[in-house]
Amino acid sequence: MQSRIDKHTRLVAWAKITLPIVALAMLSTLFLLSKSVDPIATIPFSESDLADRTQSQQISQPEVFGVTPRGDLISLRAALARQNAEDSALMEAHEVSAKIKLTSGQTVDISAIKALHSSAQNIVTLSGSVFAQTSTGYTFHANELAMSLFDLRADSIGVVTGEGPGFTVAAGQMTLEIPEGESDAHILLKNGVKLVYTPVKEKE
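In this text, all values refer to a predicted model and were calculated from it rather than measured experimentally.

## Section: the overall build of the protein
Then, number 1: Broken down by element type, the protein carries 3 helices and 14 strands.
Then, number 2: Counting all 204 residues of the protein, 29% fall into the buried class.
Then, number 3: Sequence separation of at least 24 residues holds for 33% of the intrachain contacts in the protein that already meet a minimum separation of 6.
Then, number 4: Of the roughly 13,200 Å² that the protein leaves accessible, carbon and sulfur atoms contribute 58%.

Below, the structure is given as structure tokens:
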């Protein structure tokens, strides 16, 4: 069953990439066959832009929605996505935002400049000004974050800083995970944790 789902997911992913390219090629052919229309003036892209988009199989503003085996909802959005130039097994996206809604009702919003997705491992690696915010009032900043979409586990790669109600924290590594049998996410900080606690003043 999982294999069938994986094949269907890959098929949908490639269809999203190839169908716009095929449509663009058909549209260009129609313009070339028409003597009354200038194809260069009609298509709002330069020849170099069209070549780059065709070669990189780029798609604009992709959106992906999914559900984990536990029932958590995941949505991913990006300004653009394309096949990675160095590794054809990876898909890369730019200006990425993600929203995770846990079965408990908690939400986690994540944003980053770039993301690499490995379909074989089902892992998304976010990089560049990674920012995460939870509905429970915690925020974290990291340079890089590896997130497993199967079990919703996220590990920072390198130093992470964060803030919460009445404290700031810095650590060499952060892990966000959902322990088996629980519905809420747990945050584990390790490797040189520095915590500064500031008591919240009560209103008079």
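## Things to note about the nonpolar core
Then, number 1: Counting residues in hydrophobic clusters, the biggest one holds 32 residues, and the most contacted among them are Ile-100, Ile-110, Leu-126 and Val-130.
Then, number 2: Breaking this core down by element, the ones donating at least two residues are strand 3 (73-77), strand 5 (90-101), strand 6 (107-118), strand 7 (123-134), strand 8 (139-148), strand 11 (167-171) and strand 12 (173-177).
Then, number 3: Excluding residues that lie within four positions of it along the chain, Ile-110 makes contacts with Val-96, Ser-97, Ala-98, Ile-100, Leu-126, Val-130, Phe-131, Ala-132 and Met-147.

## A look at the confidence of the model for the protein
Then, number 1: With 70% of its residues at a pLDDT of 70 or more, the protein shows a mean pLDDT of 75.
Then, number 2: Low pLDDT, under 50, characterises residues 18-43; the stretch is placed with 15 contacts to residues that sit more than four places away or in other chains.

## Remarks on unusual backbone geometry
Then, number 1: Even without a glycine there, the phi angle at Gln-61 is positive, about 50°.
Then, number 2: For Gln-61, the location among the structural elements is in the loop between strand 1 (59-60) and strand 2 (63-67).
Then, number 3: Although it is not a glycine, Glu-95 sits at a positive phi angle of roughly 55°.
Then, number 4: Secondary-structure assignment places Glu-95 in strand 5.

## Points about the pattern of salt bridges
Then, number 1: Counted by the stated rule, this structure contains 6 salt bridges.
Then, number 2: Arg-153 is the partner of Asp-155 in a salt bridge, and the nearest nitrogen-oxygen pair spans 2.9 Å.
Then, number 3: Linked by salt bridges that have partners in common, Arg-153, Asp-155 and Glu-177 make up one network.

## Structural notes on the packing of aromatic side chains
Then, number 1: Tallied over the entire structure, the rule returns 1 aromatic pair.
Then, number 2: Ring geometry for Tyr-138 and Phe-167: centres 6.0 Å apart, planes at 45°, overall tilted. Linking Tyr-138 in the loop between strand 7 and strand 8 with Phe-167 in strand 11, this pair joins segments that are 29 residues apart in sequence.
Then, number 3: A relative accessible area of 29% means that Tyr-138 is categorised as partly exposed.

## With respect to the side chain of Ser-118
Then, number 1: Along the chain, Ser-118 turns up in strand 6.
Then, number 2: Since its relative accessible area comes to 13%, Ser-118 is described here as buried.
Then, number 3: Residues contacting Ser-118, with those up to four places away along its chain left out, are Leu-90 and Ile-123.

## Quick notes on the environment of Ser-111
Then, number 1: Positionally, Ser-111 belongs in strand 6.
Then, number 2: For Ser-111, a relative accessible area of 29% puts it in the partly exposed group.
Then, number 3: Sequence-wise, Ser-111 and Leu-126 are 15 residues apart; in three dimensions their C-alpha atoms are separated by 8.2 Å.
Then, number 4: Apart from the residues lying within four places of it in its own chain, the contact partners of Ser-111 are Val-96, Ser-97, Ser-129, Val-130 and Phe-131.

## Some points on the side chain of Asp-155
Then, number 1: Structurally, Asp-155 can be placed in strand 9 (residues 153-156).
Then, number 2: Since its relative accessible area comes to 17%, Asp-155 is described here as buried.
Then, number 3: A polar contact of 2.9 Å, which involves the side chain of Asp-155, links it to the side chain of Arg-153.
Then, number 4: Among the polar contacts listed, one links the side chain of Asp-155 to the side chain of Thr-175, at a separation of 2.7 Å.
Then, number 5: Apart from residues no more than four positions distant in its own chain, Asp-155 is found in contact with Glu-144, Leu-145, Ala-146, Gln-173, Met-174 and Thr-175.

Each value, and the rule that gives it
- Residues numbered from 1 in each chain as written.
- Predicted model: local features only at pLDDT ≥ 70, side-chain atom pairs only at ≥ 80, totals over all residues.
- Heavy atoms only, no water.
- Helix = DSSP H or I, 4+ residues; strand = E, 2+ residues; numbered from the N terminus.
- Buried < 20%, exposed > 50% of the residue type's maximum accessible area, 1.4 Å probe, protein only.
- Contact = heavy atoms within 4.5 Å.
- Areas by Shrake-Rupley, 256 points an atom, 1.4 Å probe, with all protein chains shown as cover.
- Core = buried A, V, L, I, M, F, W, Y, C linked by side-chain atoms within 4.5 Å.
- pLDDT = per-residue confidence, 0-100.
- Salt bridge = Lys/Arg side-chain N within 4 Å of Asp/Glu carboxyl O.
- Phe/Tyr/Trp six-rings, centres within 6.5 Å; stacked < 30°, edge-to-face > 60°.
- Polar contact = N/O pair within 3.5 Å; in protein donor to acceptor, adjacent residues only side chain to side chain.

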